[in-house]
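# Overview (structure and organization)
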Amino acid sequence: MLDNDATNDDLPVLSDLFKLYKTTERLKLCLYTDSIKIYKTKLKATQQSDALDSYTILDTSKIYSMNDIVGCSIGKGEHSNDLKAYLTIYIYPIGNKKTLKRKRCTLELEYDKHSTFDKNLDSIKEWSIKLNAILSKNNETEADQQKPFLVYINPNSGAGKAKNIFFERIVPLWAEANVPYKVIMTKYANFAYDQVEQLNIKEFRGILVVSGDGLVYEVINGLMKRSDWQEAIKIPIGQLPGGSGNALSSSIAYAAKEAHGNLSIESFAMHMAFLTAKYDVLPMDLAAFDFTMPKDKRKINNNKLLLESNGRIYSFLTLEWAIVADVDLESEKYRFLGGLRFVVGAVNRIINLNVYHGRISFLPSSGTYIPKNKSIKVKKPERDNSQASNIASEDDSSARGVNGPSLKYLTPLNQPLPDNWVVIEDNFVFFLVVLKSMIAKDFNAWPDAKLDNDDMLLVFIKEGITKIQLLQMFTETETGNYLNHELVESVKIKAFRLEPLCEKGHLMVDGEAVPYGPIQGESLSPILNCIAKRIQSV
Ligand code: ADP
Ligand code: MG
């Protein structure tokens, strides 16, 4: 228990005199529930008294917000005859207001009020206990706070740096914050998917992946496959950036107004280590996607996740088709470039631009949709099954969803759609359904998105855009301004169906390839919890 819950200057939880490490400067340290304040005195070292009220806030005084402090440690000096006790406080304040980059600093203090080391240590222990009590003040029980994070590292993600990133960038900060964890290296694709199915969820405080978005997708689909999915999917999940596309981390940082795009992956990992150490849990939405299962299972490379899915998978991020999927898939070979791979891939694809014939059907969230581009013809769904006739007949949609949430809007893939849907059949260049803000470090696909939208954003461009216009549009993906381009259509939707009517192309869900063919999806209200950070009210 704290002595008091005061947040004002008059009532500190603790206050006492310390010396800055290896200096003669005395200062008064006050612990409040929202900050640590350092009061100083103008008196020379020889004149400094023990009277706490002779210390005031001077220009050189410092205030450290509790929002930036991760933890503290206590200890003894190097020499056995040193009677002082030492307190170190670990702080990650924003060093640059423009870039929002955080910079580690420590407050190293000596305490020598008493004549024995043990007594000095006891006083310092009280500081440590009370500071930790303030830092861990959230809705969790003490037992939950002591549970470890389960961390999956994909050694093959991104530029192959995930393991180093974890041990060099995450672990040191977590050690300062006293965060317990258990690490598992994934051995193959779908390893984490297999494991979370068996996992005793109650043992862990959350599941974090050190990888890109593919491993997040594996974890989510593994949890959703469980017979107790309703309970299992509540375990908070998160990402520590280790892959080439770290959209979940970027979207979480974006929503929290924390630095993301302008950081190296190593620095971004430190920022996410900070954010996960501060541990806040926010709701996040998902989408259910139905894809067309091919008769020949070799077409999905015996991908266990897809084979066991019964044609229904869960996505937290994107469905990509046309140039978006091509860039994502074809840029795999530039994986060693990390996030840059998408830029190289996009330029390559714009030079060799393709168009894709297809039918896009969707249910606008507002009920209506008026295209910006007047050449786009909007229809109603056909009443009979003719539109759906090309959908693989073996696609047994009726077997879906037995174990998952029931859906509100979708009909089986081989059935006609309701009247209130909008249909566009055309040639397209760009197609994206997105659930989050950032789909790559430098691609803000949906600037208004939160983590729990309850909608998806459909973005598409029909044929007719020139290569120069498309290139120009891609330069505005970083800010999200690409949506304002006159040829870029975007609409908030509850559900969609995409029927590619051309032979060549790719479909990617959360950056993972899925069988090419009709696919549909519906946004699910926030059923997931993610380890994120709510914006502080100022
Ligand atoms: P990236 O951002 O680099 O694409 P992802 O997290 O998306 O990183 O992972 C890429 C792919 O690697 C995913 O398909 C995932 O299932 C797969 N994967 C996970 N663990 C391993 C592993 N140990 N070896 C090979 N592939 C793996
Ligand atoms: Mg990936």
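Our subject in this report is the structure included herewith.

Parameters and conventions
Residues numbered from 1 in each chain as written. Chains lettered and ligands numbered in written order. Predicted model: local features only at pLDDT ≥ 70, side-chain atom pairs only at ≥ 80, totals over all residues. Heavy atoms only, no water. Axes fitted to C-alpha atoms, helices over the stretch in contact; angles between N-to-C directions. Helix = DSSP H or I, 4+ residues; strand = E, 2+ residues; numbered from the N terminus. Parallel < 35°, antiparallel > 145°, perpendicular 65-115°, else oblique. Left-handed = near helix turned anticlockwise from the far one by under 90°. Contact = heavy atoms within 4.5 Å. Nonpolar A, V, L, I, M, F, W, Y, C, P; charged D, E, K, R; others polar. Salt bridge = Lys/Arg side-chain N within 4 Å of Asp/Glu carboxyl O. Buried < 20%, exposed > 50% of the residue type's maximum accessible area, 1.4 Å probe, protein only. Pairing = 2+ DSSP bridges.

In contact at an axis separation of 10 Å, helix H11 (residues 341-351) and helix H12 (residues 467-475) are set at 165° when each is read in the N-to-C sense. On the basis of the axis angle, H11 is roughly antiparallel to H12. Read as a crossing pair, H11 and H12 show a hand that is right-handed. Together, Ala 346, Ile 350 and Ile 351 of H11 and Lys 467, Leu 470, Leu 471 and Phe 474 of H12 make up the contact between the two elements. For the contact of H11 with H12, the class distribution of residues is 6 nonpolar, no polar and 1 charged.

Before going further, it helps to examine the pattern of salt bridges. Summed over the entire model, instances satisfying the criterion amount to 28 salt bridges. Glu 126 serves as the salt-bridge partner of Lys 130, at 3.2 Å between the closest nitrogen and oxygen. Here Lys 130 pairs with Glu 126, and both are found in helix H1 (residues 117-135), just 4 residues apart, close to one helical turn. With its nearest N and O atoms 2.9 Å apart, the salt bridge here joins Arg 534 to Asp 280. In this pair, Arg 534 is assigned in the segment after strand E23 (519-532) and Asp 280 in strand E12 (residues 280-291), connecting sequence segments 254 residues apart. A relative accessible area of 42% means that Arg 534 is categorised as partly exposed. One network of salt bridges, with partners in common, ties together Asp 194, Glu 197, Lys 225, Lys 304 and Glu 308.

Looking now at the environment of Met 224. Tracing the backbone shows Met 224 in helix H5 (residues 213-225). Sequence spacing of Met 224 and Asn 96 is 128 residues, and the spatial spacing of their C-alpha atoms is 41 Å. Among all residues touching Met 224, those that are not within four sequence positions of it are Trp 229, Ile 233, Leu 286, Tyr 314, Asn 403, Pro 405 and Ile 527.

It is worth spelling out the pairing of strand E2 (residues 26-31) at this point. Burial analysis of E2 places 6 of its 6 residues in the buried class, which makes it a mostly covered element. Alternating positions in E2 separate into two faces, Arg 26, Lys 28 and Cys 30 on one and Leu 27, Leu 29 and Leu 31 on the other, with burial throughout. Taken together, the 6 bridges between strand E1 (residues 14-20) and E2 define a ladder with antiparallel strand orientation. Bridge assignment links Leu 14 to a residue of E2, and that residue is Leu 31. Bridge analysis of E2 against strand E3 (residues 35-39) gives 4 bridges, and the strand direction is antiparallel. Of the residues in E3, the one forming a bridge with Cys 30 is Lys 37. Connecting E2 to the next strand, E3, in antiparallel fashion are 3 residues.

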